[in-house]
Amino acid sequence: MVQESKKSFPPLKNDLIIRAAFGDVVERVPVWIMRQAGRYLPEFREERLKHDFFTICQTPELACEVTLQPIRRFDLDAAIIFSDILVIPQALGMEVLMKSGVGPVFPDPLVTPKDLEKLDVNVDVKTRLSYVYEAITLTRHSLEGKVPLIGFSGAPYTLMGYMIEGGGSKTMSKAKKWLYTQKEASHKLLKILTKVIIAYLIEQVAAGAQLLQVFESSAEYLGPTLFEEYSLPYLEEIAAGVKLGIMQRGLTDVPMIVFAKGAYHSISKLSYAGYNVVGLDWTVDPNIARDFVHISVQGNLDPCALYAPKEELIAKTTEMVRQFGVRNYIANLGHGIYPDMDPEHVRVFVDTVHSVSEEIMKKGDPYSQLYT
């Protein structure tokens, strides 16, 4: 039996999401929201008036405060540490700026394979990203065991895309050009990122993270063939490497979630990639997902559905829960929440997931969807 992290944390009072991720029976469906700590909350906007984005990420006390904000407001079943997937390129020595109205910008992106020489491939992740681990440990204590804390990382191809494109892109054409014209360099970069991500996630668990999510947010730009060559093998390597590292360090085993946005064509293969949960975007039919995924699933309400009138939002959320069923299921949106969302609609979504799933349980049908 693996041991708990050496740090003495408060006892966990709500382990619904951990049990759901591992496929155990739960009393109600757990729910959290990608980007739940963010600009749609007025209290977060107040912090942003005082501090720039990466200052919040790099200051443990501020990251902790922002992480706790949605937990204070809503009956969520997990917190997710406030950070950013682009701390990995920063750790490798690349400059990343967060520009208002634009998003992340790399002033000096990777242009040719020779640019890989600029990366600090031997980076000591434990030291370089210590602020993330400090924020995780502080937040674990500050949560007082109310809900588990999720740690995360971007996946290799998604990070590669930002590093080559120099920021966000509607086509990822520069990064995809590398896949066709610089195959050896592409794999070299993906291997560099994979190694760093594994070390980063293991350190997050050592610091107190109780679940992990890997975000392959740019999978939608890859068809099945490119996905299976440039994404899936590295996702598999991350799952195996993290689980091995956790075991070798005597840490508590934690469930891992993989979210490959747009990779609807490969959800079955993702369910065999070594993770405990497959996250689904809003384009995936719940019934099809249940047919092709043999482990727990997470998702997948259209984020824009939160703009709907409350009655319609309740109906759509109810339909989602009934389609997925209450077993082996974590409710979430099909992508991150948008910054102009009404927080009250978030409350409606969260409360509806709980009430509908509890109603199904009371009717004596906790195994309406049994997938093991």
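What counts and how
- Per chain, residue numbering runs from 1 following the sequence as it is written.
- The predicted nature of this model means local features are confined to residues of pLDDT at least 70 and side-chain atom pairs, given and counted, to a pLDDT of 80 or more, with totals for whole chains, interfaces and linings taken over all residues.
- Only heavy atoms go into the side-chain values, all of them from the structure, while hydrogens and water stay out.
- Strands here mean DSSP runs of E at least two residues long; helices mean DSSP runs of H or I at least four residues long; both are numbered from the N terminus.
- A simple rule labels every residue: compare its accessible area, found with a 1.4 Å probe on the protein chains alone, to the largest value its type can have, and call it buried under 20%, exposed over 50%, or partly exposed in between.
- Whether two residues touch is decided by their heavy atoms; if any such pair falls within 4.5 Å, the residues are in contact.
- Each accessible area value is a Shrake-Rupley result obtained with a 1.4 Å probe; residue values ignore everything except the protein chains displayed when judging cover.
- Positive charges are assigned to Lys and Arg, negative charges to Asp and Glu, while His and the chain termini are left out of the count.
- Every charge is mapped onto a representative atom, which is NZ of Lys, CZ of Arg, CG of Asp or CD of Glu.
- The definitions used throughout rest on a 1 Å grid laid over the protein atoms alone, on which a cavity is an enclosed set of points accommodating a 1.4 Å probe that cannot get out and a pocket is an open set flanked by protein within 12 Å on both sides along at least five of seven lines; lining residues are those having an atom within 4 Å of a point.
- Grid points are joined across faces, edges and corners, and a volume is the space filled by probe spheres set on the points.
- Each residue is assigned to one class: nonpolar for Ala, Val, Leu, Ile, Met, Phe, Trp, Tyr, Cys and Pro, charged for Asp, Glu, Lys and Arg, and polar for all the others, Gly among them.
- Paired strands, in this sense, are two strands between which DSSP finds at least two bridges.
- Here the nonpolar core consists of buried residues drawn from Ala, Val, Leu, Ile, Met, Phe, Trp, Tyr and Cys, with membership extended through side-chain atoms lying within 4.5 Å.
- pLDDT is a per-residue confidence score from the predictor, ranging from 0 to 100.
- Helix axes use the C-alpha atoms of the stretch in contact, all axes being lines fitted to C-alpha atoms, and the angles between their N-to-C directions lie in the range 0 to 180 degrees.
- The rule is short: rings of Phe, Tyr and Trp, with Trp giving its six-membered ring, pair when the centres are within 6.5 Å, and they are stacked under 30 degrees, edge-to-face over 60, tilted in between.
- Distance and chemistry together define a polar contact, namely a pair of N or O atoms within 3.5 Å, with one atom able to donate a hydrogen and the other to accept it when in protein, and with adjacent residues in sequence counting only for side-chain atoms on both sides.
- One fewer than the residue count of a helix, multiplied by 1.5 Å, yields its expected span.

Draft legend 1. Summary view of the overall build of the protein chain. A count of helical and extended segments in the protein chain gives 16 helices and nine strands. The principal-axis extents of the C-alpha atoms in the protein chain amount to approximately 65 × 45 × 45 Å. For the protein chain, the residues scored as buried account for 61% of the 372 residues in total. Here the contacts in the protein chain between residues at least 6 apart in sequence split such that 75% fall between residues at least 24 apart. With an accessible surface of roughly 15,200 Å², the protein chain has 52% of that area assigned to carbon and sulfur atoms. Once the 39 positive and 45 negative side-chain charges of the protein chain are each reduced to a mean point, those two points are 2 Å apart.

Draft legend 2. Just the layout of surface pockets, in detail. Within this model, the largest pocket holds a volume of roughly 1,600 Å³. Lining the largest pocket are 46 residues, with Arg35, Arg39, Asp84, Pro104 and Tyr162 sitting closest to its centre. Per-element tally for the lining of the largest pocket: the top contributor is helix H2 (residues 42–50), with four residues. The class makeup of the residues in the lining of the largest pocket is 24 nonpolar, 14 polar and eight charged.

Draft legend 3. Quick look at the sheet that holds strand E4 (residues 149–154). Strand order in the open sheet formed by seven strands is E1-E4-E5-E6-E7-E8-E9, and the pairing between neighbours is parallel. Lying at the two open borders of the sheet, with one neighbouring strand each, are strand E1 (79–80) and strand E9 (329–333). Pairing of E1 with E4 involves two bridges; the strand directions are parallel. From the neighbouring strand, Ile80 faces E4, where its bridge partner is Ile150.

Draft legend 4. Layout of the nonpolar core. Among the nonpolar cores identified, the biggest contains 142 residues, and Leu129 and Met163 are the most heavily contacted of them. With 14 residues, the single largest contributor to this core is helix H10 (residues 183–207).

Draft legend 5. Structural context of the confidence of the model for the protein chain. This prediction gives the protein chain a mean pLDDT of 95; 96% of its residues lie at or above 70. In the model, residues 1–6 has pLDDT below 50 throughout and makes 13 contacts with residues more than four positions away in sequence or in other chains.

Draft legend 6. Focus on the packing of helix H9 (residues 173–181) against H10. Relative to each other, H9 and H10 sit at 115°, their axes nearing to 5 Å. Packed against H9, whose contacting residues are Trp178, Leu179, Tyr180 and Thr181, the element H10 presents Lys183, Ala185 and Ser186 at the interface.

Draft legend 7. Fine view of the packing of aromatic side chains. Using the criterion set out here, one finds eight aromatic pairs in the structure. Ring plane angle 85° and centroid distance 5.2 Å describe the contact between Phe53 and Phe54, whose orientation is recorded as edge-to-face. Overall, Phe53 belongs to the buried group, its relative accessible area being 14%. Ring geometry for Tyr133 and Tyr200: centres 6.1 Å apart, planes at 50°, overall tilted. Highlighted residues: Tyr133 in helix H7 (residues 130–143) and Tyr200 in helix H10, separated in sequence by 67 residues. Taken as a pair, Tyr133 and Tyr200 share a single burial class, namely buried.

Draft legend 8. Region of interest: unusual backbone geometry. Along the chain, Gly299 connects to Asn300 via a cis peptide bond; the corresponding omega equals -10°. Mapped onto the elements, Asn300 comes out in strand E8 (residues 296–301). Positive phi values are uncommon outside glycine, yet Arg35 reaches one of about 65°. Here Arg35 is to be found in the loop between helix H1 (16–21) and H2. Even without glycine at this site, Met172 takes up a positive phi of about 55°. Of note, Met172 is situated in the loop between helix H8 (156–165) and H9.

Draft legend 9. Representation of the side chain of Asn276 within the structure. In this fold, Asn276 is placed in the loop between helix H13 (267–270) and strand E7 (277–279). Since its relative accessible area comes to 16%, Asn276 is described here as buried. Polar contacts involving the side chain of Asn276 include one to the side chain of Lys243, which spans 3.2 Å. Within polar-contact distance, the side chain of Asn276 engages the backbone nitrogen of Met256 at 2.8 Å. Those residues in contact with Asn276 that sit more than four places away from it in its chain are Ala21, Phe22, Lys243, Val254, Pro255, Met256, Ile295 and Ser296.

Draft legend 10. A look at the side chain of Asp115. Secondary-structure assignment places Asp115 in the loop between strand E3 (103–105) and helix H6 (125–128). Among the residues examined, Asp115 registers a relative accessible area of 14% and is labelled buried. Every residue in contact with Asp115, bar those within four places of it in the chain, is listed here: Pro109 and Leu110.

Draft legend 11. Seen up close, H10. The end-to-end C-alpha separation of H10 is 36 Å, in line with the 36 Å expected for 25 residues at 1.5 Å each. Taken across its 25 residues, H10 has 19 buried, putting it largely inside the fold. After H10 finishes, the residue Gly208 shows a positive phi value of roughly 130°.

Draft legend 12. Layout of the environment of Val348. Along the chain, Val348 turns up in helix H16 (residues 343–362). Apart from the residues lying within four places of it in its own chain, the contact partners of Val348 are Lys310, Leu313 and Ile314.

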